[in-house]
Every structure is written in C-alpha cells, then in structure tokens.
Amino acid sequence: MISKLPDVGTTIFTVMSRRARELGALNLGQGFPDYDIDPRLAELVAEAMRAGFNQYAPMEGTGSLREAIATKLRLSYGLERDPQSEITVTLGATEAIYSAIQAAVGAGDEVIAFDPAYDSYEPAVRLAGARCIRIPLAQPGFRYDWDQVRSAFSARTRLVLFNSPHNPACVTASAGDLDALARIIRDRDILVLSDEVYEHVVFDGARHHSVLGHPELARRSFAVFSFGKTLHATGLRVGYCVAPPLLTRELRKVHQFNTFSIAHPLQEAIAGYLAEKPEGGRGLARFFQDKRDRLRAALAGSGFALPPAQGTYFQLLDFSALSKEGDLAFAERLLTEAGVATIPLAPFYESPTSLPFVRLCVAKKDSTLDEAARRLGGFAERLRRGAA
Ligand code: GLN
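Let us look at the structure shown here. (Residues numbered from 1 in each chain as written. Predicted model: local features only at pLDDT ≥ 70, side-chain atom pairs only at ≥ 80, totals over all residues. Heavy atoms only, no water.)

1. Here's the deal with the packing of helix α2 (residues 39–50) against helix α12 (residues 264–276)
Running from N to C, α2 and α12 cross one another at 130°; their axes reach a closest spacing of 8 Å. It follows from the interaxial angle that α2 and α12 lie oblique. The way α2 lies across α12 gives a crossing that is right-handed. Contacts from R40, L41, L44, V45, A48 and M49 in α2 reach P265, L266, E268, A269, G272, Y273 and E276 in α12. In terms of residue class, the contact of α2 with α12 is made up of nine nonpolar, one polar and three charged. (Axes fitted to C-alpha atoms, helices over the stretch in contact; angles between N-to-C directions. Helix = DSSP H or I, 4+ residues; strand = E, 2+ residues; numbered from the N terminus. Parallel < 35°, antiparallel > 145°, perpendicular 65-115°, else oblique. Left-handed = near helix turned anticlockwise from the far one by under 90°. Contact = heavy atoms within 4.5 Å. Nonpolar A, V, L, I, M, F, W, Y, C, P; charged D, E, K, R; others polar.)

As structure tokens, this is what we get:
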C-alpha cells in the first residue's frame, strides 16, 4: 500500500506518554491533568447511563448540550448563537478541526498555518488533498507578521488555521491580531478555523479574544472548543464547533460520516453539569496561573530560563544556557537522565527548529510539579558542573 502520509509517525504526545510509562518518568509531556475530576461529573455520567441515554445521540449533538453551549457562549462572551444551526458537538476538538478542514478545502487548495502549529493540522489538510503554507511566528515571543501572511496568499488560499491561546507557544493573540487577520482576508474567499480550546486559560488578568466576538471574522470562521480542557477531563473526548449556518451545514456533512455522533451519556452528563455550574470556566485561569507560577518559582535560578506564558496548559523551558543540543536530543536526555517527560517543539514545525525549548504541562498536582522541578533543577545542576 502506498502511504498517504509517508513522513508521519506516531505523534510526539503518544510516544512521550508511552515512554514515560515504560521508564516510570514523571509525565509533563502530553497535556492532561493527573488529578481527579469533580466527582459530581462522574455521578452525572453514571446517572445518565442509568437513565437510559445509551443509544445513538443526535448526529449534531443533543439538544440539551447544544442549549448549554449556547448559554455558555452568552455567559462567557455575551454572544447569541443558535444551537440548531450554529453549534455542533464533536469528538473532541481534534475531530472538529479535522471535519472542518475536510469540509472547507480540497485538491489543490492552499491553507495558511503558522510555524509552530499543533501537530494535527497539517496531516488533516494533506488528507483533504490541499497543501499547507507555513508562516513562522517571529522570535522573540512568537509574534504574528500579518504582512508576511498576506504575501503568502494566492488565488488558491482557502483557509487560515489560527490558534489562541497557542499550543505550544503559550502566547495569546491580541485584539489587534484579530483585526489584522480580518483586514487581510476581507474581499477574499478565505475562511478561518480558530482553535480556542484554551479559551479559559488566559493569565495575568488578560481576556481571551475569540473570533466569535469579532463580527467580521465570526461570519467566516469555524471556532473550536473543548470540554476536556474546561472540565479537567481530556478522556471525555467531547468538543464542539461554533460556525455560521452555512459553514455548520458543510461541517455536519463531514462529521456525520466521520464520527457520526458523540457518546450520548457523556453529552447528557456535561449538559447537566453545565446547568449546575453555568459559570463554568471562570475559575480556570486562576487555577492554572497558580500552577504556572508554582513551577516557575520552583525553577527560578535553576539555569533554565522560562519564557513568558500568557495562556494554555503549558510553560516553555529554555535550556540554551545549559546545553547547545537540539530540542529532540535534549528532551530525550530529560526523559532518560532527569526522569521527566516533556515535549520538544520540533514536531510542531515544518522543518526542524533550532529553538532551545521544550514544553512542560502545568495541569498537574502541585506535588507532581514540585517533584518535576526538583528533578529538572538537579539535572541542570549536573549540567552546570559538567557532570552530565
Ligand atoms: N492536546 C494535547 C497536547 O497538546 C495532546 C492531545 C493528543 O495527544 N492528541 O499535549
């Protein structure tokens, strides 16, 4: 068989989690919490199964969950969205991204993606027969160069893949970035796919700028969100896509043949949970900011530098003062010699990067973060003494 993705292996997240398990290392690689979910959510899942929500859910998502999402959009952003025609429940954000890309682009089309970009974007574009044009985020600070984006547009450009808060760069887009994006796609036949799964994890008092709150962008955007992130339960695999009716109609044509419909008892439970806690994500920024700050404080003076983290589950670690190795090699040493699994940034780039960063997940128990900092600090100390 001829591979359609000959250069693609198993994702770095899966590989690192597997190796962390094999080696008994602390896993700060793949982004998932290691603490318990709210027991009430577990109760609601059990109740939903007992109440008989065990057969196919409606293809577009249950009415109750789509209503709950509409309420959440109203409370979070003051936005009115029609659950019938504008909200679709998906198998996590990954399915929403995949299905939206299949719906939006085809053979010969071009899609703008940034470098670094989350690893699922480009394979989804290629499987649709289209091609990614990668635009680097500028250093320092992973900044957008909108003129460069505009120069990369061709008559074949159909979609821009946008992501804020950004994984893995840990930066957030400004209102000005959204304006610039709207300006350059105005008068062109270009859509936006906006990955906003970390919408509630924005730090230091800043607020998230959703494309949904930008009327011009909202008219031509698929916006993608995740309950896994918001409910500290990445194993739920329940996300959703908000898009204008025309785009939603096309998205659902793919979704119905891709995952068809999403676990019924989970949708019922999440709808019930949101009804009980409608303010949902409000405490998340504080919760994760405290974890970010704890890890940063514990690593201060270690020899690792800590670039600013404006949002997401993650904190980058800059190892340039300690080692001149590449990020893949350094992540391997952290895993095998320090006992800490991290994520190198190379897999998020079109071609290998020379950036001296690995990504740490802060969505962990305080005790896990403390032990990881202790191991990383000890390894840095050995490197500084030339003993490692
Ligand atoms: N979103 C997770 C991360 O960035 C990975 C999820 C996955 O492994 N597909 O770490």
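On we go.
2. Examining the site of the ligand
The full set of residues close to the ligand is F13, Q30, G31, Y118, N167, F314 and R359. Between the ligand and G31, the relevant distance is 2.7 Å, taken from an oxygen atom to a main-chain nitrogen or oxygen of the residue. The side chain of R359 places a nitrogen or oxygen atom 2.6 Å from an oxygen atom of the ligand. With the chains in place, 77% of the 300 Å² that the ligand exposes on its own is no longer accessible. (Near = heavy atom within 4 Å. Polar contact = N/O pair within 3.5 Å; in protein donor to acceptor, adjacent residues only side chain to side chain. Areas by Shrake-Rupley, 256 points an atom, 1.4 Å probe, with all protein chains shown as cover.)

3. Focus on the packing of aromatic side chains
Counted according to the given criterion, the structure contains 21 aromatic pairs. Between F330 and F379 the ring centres are 6.0 Å apart and the planes differ by 55°, which places this aromatic pair in the tilted class. One end of the pair, F330, is in helix α14 (residues 327–338); the other, F379, is in helix α15 (residues 366–384), and 49 residues separate them in sequence. Using a relative accessible area of 0% as the deciding quantity, one classes F330 as buried. One aromatic cluster is present, formed by Y35, Y198, F287, F288, Y313 and F314 through successive ring pairs. (Phe/Tyr/Trp six-rings, centres within 6.5 Å; stacked < 30°, edge-to-face > 60°. Buried < 20%, exposed > 50% of the residue type's maximum accessible area, 1.4 Å probe, protein only.)

4. Some thoughts on the state of the cysteines
Linking two cysteines covalently through their sulfur atoms gives a disulfide. Counted by the stated rule, this structure contains zero disulfides. Looking at the unpaired C241, the closest cysteine sulfur is the one in C132, lying at 18 Å. When its relative accessible area of 1% is taken as the criterion, C241 is described as buried. No disulfide involves C361; its sulfur sits 10.0 Å from that of C170, the nearest cysteine. (Disulfide = S-S within 2.5 Å.)

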